[in-house]
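# Inside the fold
Each chain, written out:
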Amino acid sequence: MRIAGIRSRVVQLPLDRPFQPAWGRGRVQRSLVLVLLEVGTDDGLVGHGAAHGGLEAAVALDRFVTPHLLGQDPAQVDRLAAVIRDAEILGPPPYCMEIPLWDILGKAAGMPVHRLWGGAGDRVRAYCSTGELRPARQRAEDVAALADAGFTAVKLRFHHDDPREDLAVAEAVREKAGDRIELMADANQAGADPGTGGHRVWDFRTALGVARELERLGFHWLEEPLPRHDLDGLSRLRDRLETIKLAGGEDNHGLHEFRLLLERGCFDVLQPDAVKSETASAIRKLAAFAELGGVDVVPHTWGNGLGMLVHLHLAASLTNCGYLEFPHDPPSGLTASARDRMLTEPVTVDEEGFVQVPQRPGFGFVLDEERIAHHTVHVIEQGDCGFAREDRGVSKGSAT
Ligand SMILES: [Mg+2]
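Residues numbered from 1 in each chain as written. Predicted model: local features only at pLDDT ≥ 70, side-chain atom pairs only at ≥ 80, totals over all residues. Heavy atoms only, no water.

### Considerations on unusual backbone geometry
What counts is decided by this rule: Every helix listed is a DSSP run of H or I at least four residues long, and every strand listed is a run of E at least two residues long, numbered separately from the N terminus. Burial classes follow relative accessibility: with a 1.4 Å probe on protein chains only, a residue under 20% of its type's maximum area counts as buried, one over 50% as exposed, and anything between as partly exposed.
Between P330 and the following residue, P331, the backbone shows a cis peptide bond with an omega angle of 5°. Following the sequence through the fold, P331 ends up in the loop between β11 (324-327) and α13 (336-339). Look at N188: it is not a glycine, yet its phi comes out positive at around 50°. Given the relative accessible area of 6%, N188 is considered buried. You will see that E224, though not glycine, has its phi angle at about 45°, which is positive. Along the chain, E224 falls in the loop between β7 (221-223) and α9 (231-239).

Structure, rendered in structure tokens:
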């Protein structure tokens, strides 16, 4: 089996309502943009994946990765992962290109990828990952509604100018929800969105003060309380806390950085992302090493349903994970149905707050090709992409 052609489609799906991410002050998101990756083989299998980004990601992958994958055996994932990783110094994170290879391998083996990886379970507990800042009373009501919908864990965002306002939201949420839900908070201090000036930067004392208040409120973890390279600060902070865990790592890159985070004792929960931070293969190696030190690996995910499904398989293959990040923040435009609009059906939680892992071969993506074709704004391809034309009638450079 050889890789015959690689195609990237930039897809822009409108949101029904705007979404205002807490980590991008002043930013209003009105659409969801992704690069849908397709890797076709000479024996007719097609693997899918998605990059987190737009045309810039598609161009970088086409230029720096695709030429080195064409003609290669997609089953040699570890060898090709090293090729993919080498592109990291040249452009946006290239790790997402490993995902279609695992999808192909799963389809060739007739197995879902999490089972191919050893399969620690067939379902994963979701934590609902919210994204907006809201007044305390409204957020408390929204979290209560999420609990009614089946979620057993919810993550809040901390981005007010005055962290005491964030804590007031946390207090209101805890008061309304009681102990029936597990709570996390994300301060997104690892790095700021470029151009979104005014992001409140926490110093060590602010992080410590917030963390201690969250301990009092029984929060499960505090995420990204300090910049991603402040290893000393993170380690000192963790040493000073009793019950609350520290989480982070989504903006770190490469196994070497995660190794440092582990060795310096920065986090209780590492959050690598198989699209942004490292390949899924490397994250599995990291998880084995983390397990030795009693550290959990709960992958980060954001952006779209394809990425979330990949991380669902990854989470279900790890023994030291326990959660799936589930981006969903109604009544904003960022909901499960918007996140998964490229799929025929949105991924949902069951009545116990878990997400079942699809048992179809590969990652189990079922793409809504009609909708994708309608919202495709750019196509880039190399090699023999006959699989695309035969199946879907989309030609090179088409835009609808
Ligand atoms: Mg985060």
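This is not the end of the story, as more comes after the structure.
### What to know about the nonpolar core
Counted only if it meets this: Definition used in this section: a nonpolar core is a set of buried Ala, Val, Leu, Ile, Met, Phe, Trp, Tyr and Cys residues joined via side-chain atoms within 4.5 Å. In what follows, a contact means two residues having at least one pair of non-hydrogen atoms within 4.5 Å.
Among the nonpolar cores identified, the biggest contains 121 residues, and M97, F158, L214, F219, L270, L306 and F326 are the most heavily contacted of them. Looking at which element gives the most residues to this core, the answer is helix α12 (residues 305-317), with eight residues. Non-local contacts of M97, meaning those with residues more than four positions away in its chain, are made with I6, L37, V39, L61, V65, T66, L69 and I84.

### Focus: the coordination of the magnesium ion
Put simply, the test is: Metal coordination here is assigned from N, O and S atoms located within 2.8 Å of the ion, or within 3.2 Å for Na, K and Ca; omission of water means that sites may look incomplete.
Those donors, D186 (OD), E223 (OE) and E250 (OE), are the protein atoms that reach the magnesium ion, and they lie 2.1 to 2.2 Å from it. Between consecutive donors of the magnesium ion, the numbers of intervening residues give the motif D-x36-E-x26-E. With E223 in strand β7 and E250 in the loop between β8 (245-248) and α10 (254-263), the pair connects residues that are 27 residues apart, well separated along the chain. On the basis of relative accessibility, which here comes to 0%, the residue E223 falls in the buried class. Classification of E250 as buried rests on a relative accessible area of 7%.

### With respect to the layout of surface pockets
In plain terms, the rule: Grid spacing is 1 Å over the protein atoms alone, the probe is 1.4 Å, and a cavity is where that probe fits but cannot get out, while a pocket is an open set with protein on both sides within 12 Å along at least five of seven lines and lining residues have an atom within 4 Å of a point. Grid points are joined across faces, edges and corners, and a volume is the space filled by probe spheres set on the points. By the convention adopted, Pro, Cys, Tyr, Trp, Phe, Met, Ile, Leu, Val and Ala count as nonpolar, Lys, Arg, Asp and Glu as charged, and the other residues, Gly among them, as polar.
Considered as a void within the structure, the largest pocket measures approximately 750 Å³ in volume. For the largest pocket, the lining is made up of 33 residues, of which W23, R27, H52, D193 and K276 are closest to its centre. Elements that contribute at least two residues to the lining of the largest pocket include exactly β2 (29-41) and β5 (153-157). In terms of residue count, the dominant contributor to the lining of the largest pocket is β2 (five residues). The calculated volume of the second largest pocket comes to roughly 300 Å³. Around the second largest pocket sit 16 residues that line it, and E345, P346, V347, P358 and R360 are the ones nearest its centre. Looking at the lining of the second largest pocket residue by residue, the classes come out as nine nonpolar, four polar and three charged.

### As for the side chain of H159
The following threshold applies: Any pair of nitrogen or oxygen atoms within 3.5 Å is treated as a polar contact; in protein, a donor-acceptor pairing is required on top of that, and neighbouring residues in sequence qualify only through side-chain atoms on both sides.
With respect to the helices and strands, H159 occurs in the loop between β5 and α7 (163-177). By relative accessible area, H159 is classed as buried at 7%. Side-chain polar atoms of H159 contact the backbone oxygen of A22, separated by 3.4 Å.

### What about the side chain of E278?
Mapped onto the fold, E278 is located in the loop between β9 (269-270) and α11 (280-292). There is a polar contact of 2.9 Å between the side chain of E278 and the side chain of R85. At 3.3 Å, the side chain of E278 forms a polar contact with the backbone nitrogen of L255. Once residues lying within four places of it in the same chain are set aside, the contact partners of E278 are R85, Y95, G254, L255, D273 and I283.

### Thoughts on α11
What counts is decided by this rule: Multiplying 1.5 Å by the helix residue count minus one yields the expected span of that helix.
In this model, α11 (13 residues) spans 19 Å end to end at C-alpha, consistent with the 18 Å of a helix rising 1.5 Å per residue. For α11, the complete set of buried residues consists of A280, S281, A282, I283, L286, A287 and A290. Looking one or two residues past α11, G294 carries a phi angle of roughly 70°, positive in sign.

### Observations regarding the pairing of β2
For the record, the criterion: We treat two strands as partners when DSSP finds at least two bridges between them.
The buried fraction of β2 amounts to eleven of the 13 residues, a majority that puts the element mostly inside the structure. Pairing of strand β1 (residues 3-19) with β2 involves twelve bridges; the strand directions are antiparallel. Bridge pairing links F19 to Q29 in β2. With six bridges connecting them, β2 and strand β3 (residues 46-51) associate as antiparallel partners. If you follow L36 over to β3, its bridge partner there is A50.

### A look at the state of the cysteines
Here is the rule: By disulfide we mean two sulfur atoms from cysteines, separated by a distance within 2.5 Å.
Across all of its chains, the model carries zero disulfides by this definition. The closest cysteine sulfur to the non-disulfide-bonded C128 is located on C321, 16 Å from its own sulfur. With relative accessibility at 0%, the residue C128 sits in the buried group. You can see C385 has no disulfide; the closest cysteine sulfur is in C96, sitting 16 Å from it. We classify C385 as buried; its relative accessible area is 0%.

### Some details on the pairing of strand β6 (residues 182-186)
Applied cut-off: If you view a crossover with the strands going away from you and the path from the first strand over the helix to the second runs clockwise, you call it right-handed.
Of all five residues in β6, four are buried; the element is thus mostly enclosed. Remark: the β5/α7/β6 crossover connection has right-handed handedness. Pairing of β6 with β7, which is carried by three bridges, proceeds in the parallel orientation. Bridging across to β7, D186 finds its partner in E223.

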